[in-house]
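# Reading the structure
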Amino acid sequence: MPRSTSPLQPHPDRLFPADPGVRAIARRLYEAVRELPIISPHGHVDPRLLLTDEPFRDPASLLVTPDHYVTRMLHASGVPLAELGVGRGPLPEPEARVAWRHLCANWAAFRGTPVRYWFDAELSEIFGITERPDAGNADRLYDQIAEQLTQDKFRPRALFQQFGIEVLATTDDPCDDLSAHRALADDPSWSARVIPTFRPDRYLEPAQAGWRDAVTRLGEVSGVDTGTYVGFLCALEARRRHFVEHGATSADHSHLDVRAEPLPADEAQRIYAAALAGTATAAEATAFRRNMLFEMARMSTEDGLVMTLHPAVHRNHHTPTYERFGADTGHDIPVQVEFTQALQPMLTAFGTHPGFRLVLFTLDETVFSREIAPLAGFYPSVYAGAPWWFLDAPDAIRRYRRAVTETAGFSRTSGFIDDTRAFCSIPARHDMSRRLDSGVLAELVAEHRLDEDEALETAVALVADNPRKAFKL
Amino acid sequence: MPRSTSPLQPHPDRLFPADPGVRAIARRLYEAVRELPIISPHGHVDPRLLLTDEPFRDPASLLVTPDHYVTRMLHASGVPLAELGVGRGPLPEPEARVAWRHLCANWAAFRGTPVRYWFDAELSEIFGITERPDAGNADRLYDQIAEQLTQDKFRPRALFQQFGIEVLATTDDPCDDLSAHRALADDPSWSARVIPTFRPDRYLEPAQAGWRDAVTRLGEVSGVDTGTYVGFLCALEARRRHFVEHGATSADHSHLDVRAEPLPADEAQRIYAAALAGTATAAEATAFRRNMLFEMARMSTEDGLVMTLHPAVHRNHHTPTYERFGADTGHDIPVQVEFTQALQPMLTAFGTHPGFRLVLFTLDETVFSREIAPLAGFYPSVYAGAPWWFLDAPDAIRRYRRAVTETAGFSRTSGFIDDTRAFCSIPARHDMSRRLDSGVLAELVAEHRLDEDEALETAVALVADNPRKAFKL
Amino acid sequence: MPRSTSPLQPHPDRLFPADPGVRAIARRLYEAVRELPIISPHGHVDPRLLLTDEPFRDPASLLVTPDHYVTRMLHASGVPLAELGVGRGPLPEPEARVAWRHLCANWAAFRGTPVRYWFDAELSEIFGITERPDAGNADRLYDQIAEQLTQDKFRPRALFQQFGIEVLATTDDPCDDLSAHRALADDPSWSARVIPTFRPDRYLEPAQAGWRDAVTRLGEVSGVDTGTYVGFLCALEARRRHFVEHGATSADHSHLDVRAEPLPADEAQRIYAAALAGTATAAEATAFRRNMLFEMARMSTEDGLVMTLHPAVHRNHHTPTYERFGADTGHDIPVQVEFTQALQPMLTAFGTHPGFRLVLFTLDETVFSREIAPLAGFYPSVYAGAPWWFLDAPDAIRRYRRAVTETAGFSRTSGFIDDTRAFCSIPARHDMSRRLDSGVLAELVAEHRLDEDEALETAVALVADNPRKAFKL
């Protein structure tokens, strides 16, 4: 069959285990969850997308350019990021078409990756594409999608409703006024819940470029003088309150490690002053960040924001690409992480606090069975976060369930989070998770480790209950 | 089907691979091992249980309270440890019933965990329970089990015999006089082998609270003055001899790492004296412990005790729980471990010594393929220990076999150890291991990587020969 | 069936997944690749073997003595290395027979290991053995193989052609004159491509015994004075050119870590001079090696040699064995490795250089999903190397594909390398890889994650295209 006519037709049994007996069980479990509303407690969709509801511009800016999962793989395959429009504003149509052609011509590079899987589902189920993309049909597919994007039913709000999203959390800077969230909440024509997430990383890292400006701005926005450490804490507390008032239920943190260790107050003050003066050492800056992570946990026990940790990524690994194209351009590379000892001070202080929730994510799979599951299997506050980023993929998700469940069961896991900025991939991502969990549960049933009524109840809980509980939704 | 009448009925094919062809092979292999006697070379049953043979008190104190696998999961699910009777003596009946109700009401929390699997087998096969526990039938099940516990055939010795245990090793303090072991051995009405294991951890860690008192007591019990380093070594040697005379075949060690590195004799003496004087630094205490681990290996080559290592756990992670409820209450959390470089001095000294046996256990799965299997695949003294604690579970056991076998085969593995203080779970744990190894071997046969006659011989060897060889039984 | 008559008969479906539906797909994929020529871009065959084409001496020296995969397992099983002829020259016939008997008598020790799998294929397909080796038939099998080794069709060149090898890369010292490669290339009766690989480890490690002599010899062979750092660099560049002129396409590096970090030129000069004077510290020696790894990458961008990294092995773990039997005797034990931060300076400098290729191998599986796949999924220069050494085995290969593919696809992987000094195992190793990749792809097809036409194209690419691209063949 010539490639130009290869069909694109996602199979109803996709991602289910191959064994016919297990697959039959998986189908039954999946039927119970496939249509449940989407709860998305952590992601990177811009709320203004839904507020303005402007049509998407073109296939490339919708599906290629902003998605570093896609652009990094094309880059690895030899396509310069510049030809994909990375780091630029809206592309003129000819350039958008070039970017799209690169995607189609390199379709084979995505074989076996979840990006390919999500694309198949998106192209087929949202845009009705029936051909596998390739160099030959790239322009035709571009035109087909571009035409649809002009239609009302392909505008963001229409898609959002078609996707069945019940709650969507965004990720936001502490200084954001959250006016988009407020406007959406106040819009009588809009009923879904779109809530912010407090993400204060850059305010907690005195060693990072721009920290002093950030802290100054924090003071302005919060109306609290951040010239002192106490003022800095108050300003953060004020912004957290602002987020809570706008519906936030969680605060997200992503640093190189998760060590959370309080400093004596006078030492914290001293380092803070030194950092403002530009004289803090690297070791002091790290100690201060670790003190602040502890403080964030303390604030969580007071204002109720769920604390989520996404640690251990070496950001912007390839300096020339960072300098030319900016951050989030596909070369953030994971490193080892350690939770047991790093979190001990925080968990000894707050681990059994009734209001505290701590969701642990990792890109280092070794901690699933060794550290995260044992922590989630003792502390009522700790949840094993769903596989994230590079691990948000079929085999990795199965490994996660097999590594975590035997120590922490299903109830101590967060439920799925899509963590995406690729808006159209949201339903495919949640559907993938539901299919995989159905398969994992079906295997337990087939091996007589769980009865089918229990598996069914668990499948539903993982979609409907776990994220609500872990994220206080 | 309403939950209150859900049946509890362990399936004859449980834990076998789902594929019908593979399952048929697994059944045949399992038939050859299912009835073989249990050899338990490492565990935590109290020998006095068998000596006094008193009836078990109630379902909660038998199955819930002392088992930190169970209580930690209930704690994670929101049940205070105090309501489970943790850290207390015998519970009055109403409180025992409360603890039991918590277990039944939270039955779903254990889905997918081995605890659930063991409970199913215990309740069904020992106590004849035919209903899945839940909040509704908790009291009825309590009464049913409590009634049985008054019968002679549910007393410890009767169960021990019903379980088919041939050898049971306990874990004991070096100062224990081993009178219980002696009395059992001298009891003409008792025929099984119940042997002690030498576990000297706290005598080897000068930095731990109570070390000086322990060392003093060691001197008293051994009749050797432990005021000097040489006396300390002699006292340890004397206690090891005492254990050997009472049937011990192994010494077990659990420290934060496994580094074993000899100190010059005068340096060891100096640190020992400083430790007694309370002036040893943390670094000196660690160096001393590493010196002692080396000395323990040296003593093993002389007295023949198999050396077993269970390292890399951060004990008592949640300080408030430790202070209120004591040790072994469910919040020991694993950390990374390293064997290759840490064991190099010990293995260069004793690795090919004909009398030396070293069994390596880990909670950090990364070392199975990277370090343990290569070590066991060269050194005739080294055995890859069975998956332990958090890893003593179906999927983890499969991962272990797949990670270790390709480098070290089956013959270099220790055979199963149950390592349990949950007496009634012993047969279920060994049965689980036999089912899983049958399944792993069946997969090798189905993929034509092993002939079935070889798989059968291997399945039997793993149960009957490997533990005897690794533990010198 | 008595063991003495157990048949040896590799099954046509060996290593395919057990599920009948998946197996049928795997068979179809495998048919497309089973007869493709072997490309062996990295290994340890001695080119003189092919140059002189002398008959192999006896079964033990062909299949046992030089293969540390085999001898280490026999050693672990209690056979002294001396009885296997390790570290000696040619064995007298009676001793060769003793070594062979040890192999046959310990056949069971290899169950579940790839060595056993390779042996089955070699014995059956090359030597027509139809009985499983054991203590009883050892001498008979010895005689049968020994007789065949006298025949012309069992001489190295005849086997090489029978194996269908198209390219074979050897591993060579920078001072090697490569005359054997030259002579083979000039031999009109020889048509296959046998190319050298530049392996400069010991020239880059000033802390290792013999470094100064090596550097002196490097100067002599290259005709460049290595008395200065600049001369040393020039000499290495000259030898790399010599290798390129003799067909080399890659340079291989194996150090304890992969940190590559340039030193200021004067600092490098200073340490180099100190090292020659014998006064460099351990830290300086390490810094110098890391500087040199960076320099090797720089040279690769200039002369085009693909850079391959095989790091993180603690060599010669058991000192007494090393002292008596030498290196490569089965006790090289892996340690943890880190790529993300260690390679950052090199990849920021050369990661997008059009001529640069970097193939990353590991014995620490944790880096497959965490570091190698993300690096290969961004940098066009980086390839995820095939599983190597202890990981070159069925389950490990599957784990590799499942860990790498979801992030880096198939196109960013190196294709199979056999890395062997066991000449007769080459076809079995490549065949194993083809069977396993067919199985992995078949599972993707069965789960509807890939269409079968794509799987077929991928299976062929992994054998025919990927190694050519990654190794510039």
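Residues numbered from 1 in each chain as written. Chains lettered and ligands numbered in written order. Predicted model: local features only at pLDDT ≥ 70, side-chain atom pairs only at ≥ 80, totals over all residues. Heavy atoms only, no water.

The following threshold applies: UniProt positions are given in the numbering used here, feature names are shortened, and annotations may be inferred rather than shown by experiment.
Looking at an unreviewed UniProt entry, chain A carries the name Uronate isomerase, with the source organism given as Streptomyces cavernicola. Turning to chain A, the UniProt record has this under Sequence similarities (unreviewed entry): "Belongs to the metallo-dependent hydrolases superfamily. Uronate isomerase family." As stated in UniProt under Catalytic activity (unreviewed entry), the record for chain A gives "D-glucuronate = D-fructuronate".

### Remarks on the relation of the copies chain C and chain B
Heads up, the rule is: All copies are superposed by least squares; the fitting set is the C-alpha atoms of residues with a pLDDT of at least 70 in both. Whether two residues are in contact is decided by their heavy atoms: any pair within 4.5 Å suffices.
For the pair chain C and chain B, the relating rotation is 120°, the translation along its axis is 0.0 Å, and the fit reaches an RMSD of 0.0 Å. With respect to symmetry, the two chain copies, as superposed, fit the operation of a three-fold axis. Interface overlap between copies: only 6% of the residues of chain C at the interface are likewise at the interface in chain B, consistent with a contact formed by different surfaces.

### Side note on the side chain of Asp392(A)
Keep this limit in mind: Runs of H or I in DSSP of at least four residues are treated as helices and runs of E of at least two as strands, each being numbered from the N terminus. Type-normalised accessible area, obtained with a 1.4 Å probe on protein chains alone, sets the label of each residue: buried when under 20%, exposed when over 50%, and partly exposed for intermediate values.
Residue position: Asp392(A) is located in the loop between strand S9 (382-384) and helix H17 (394-408). A residue is classified by how much of its surface remains accessible, and Asp392(A), at 1% relative accessible area, is buried.

### Notes on the interface of chain C and chain B
How large an interface is tends to be reported as the accessible area lost when its parts come together. Short version of the rule: Accessible area that two parts lose when put together, with a 1.4 Å probe and added across both, is what the buried area reports. One speaks of a salt bridge when a side-chain nitrogen belonging to Lys or Arg is within 4 Å of a carboxyl oxygen belonging to Asp or Glu.
Each partner contributes residues to the interface: chain C has 51 residues there, and chain B has 43 residues. When the two sides are added together, the surface that chain C and chain B hide from each other amounts to roughly 3,900 Å², 50% of it contributed by carbon and sulfur. Of all residues in chain C, Arg111(C), His317(C) and His318(C) give up the largest surface area on contact with chain B, accounting jointly for 17% of the area buried on that side. Here Arg132(C) makes a salt bridge to Glu454(B), at a shortest N to O gap of 3.5 Å. Mapped onto the side of chain C that touches chain B, the elements with two or more residues apiece are helix H1 (20-33), helix H4 (68-76), helix H6 (114-126), helix H14 (319-325), strand S7 (333-334) and helix H17 (394-408) of chain C.

### Observations regarding the environment of Glu35(C)
Within the secondary structure, Glu35(C) is located in the loop between H1 and strand S1 (38-40). In this structure, the C-alpha to C-alpha distance between Glu35(C) and Ala99(C), residues 64 residues apart in sequence, is 34 Å.

### Quick notes on the sheet that holds strand S1 (residues 38-40) of chain A
Within a sheet, each strand pairs with its neighbour through backbone hydrogen bonds, oriented either parallel or antiparallel. Residue and element names in this part refer to chain A. Inclusion rule: Each pair of strands is called paired provided DSSP finds at least two bridges between the two strands. Helix axes are fitted only over the stretch in contact, all axes being lines through C-alpha atoms; the angle between N-to-C directions runs from 0 to 180 degrees.
Here we have three strands laid out as an open sheet, ordered S1-S2-S3, and parallel in their pairing. In this open sheet, the two edge strands, each paired with only one partner strand, are S1 and strand S3 (193-195). Here the strands of the sheet are splayed against their neighbours by 10° on average, with no regard to which way each runs. Relative to strand S2 (residues 165-169), S1 runs parallel, the two sharing three bridges.

### Quick word on the interface of chain A and chain C
Taken together, the contact pairs 51 residues of chain A with 44 residues of chain C. For the pair chain A and chain C, the summed buried surface comes to about 3,900 Å²; carbon and sulfur atoms form 50% of the total. Taken as a group, Arg111(A), His317(A) and His318(A) account for 17% of the area that chain A buries against chain C, more than any other trio of residues on that side. The interface formed by chain A and chain C holds nine salt bridges in total. With its nearest N and O atoms 2.8 Å apart, the salt bridge here joins Glu454(C) to Arg116(A). Contributing elements (two or more residues each) for the side of chain A that touches chain C: helix H1 (20-33), helix H4 (68-76), helix H6 (114-126), helix H14 (319-325), strand S7 (333-334) and H17 of chain A.

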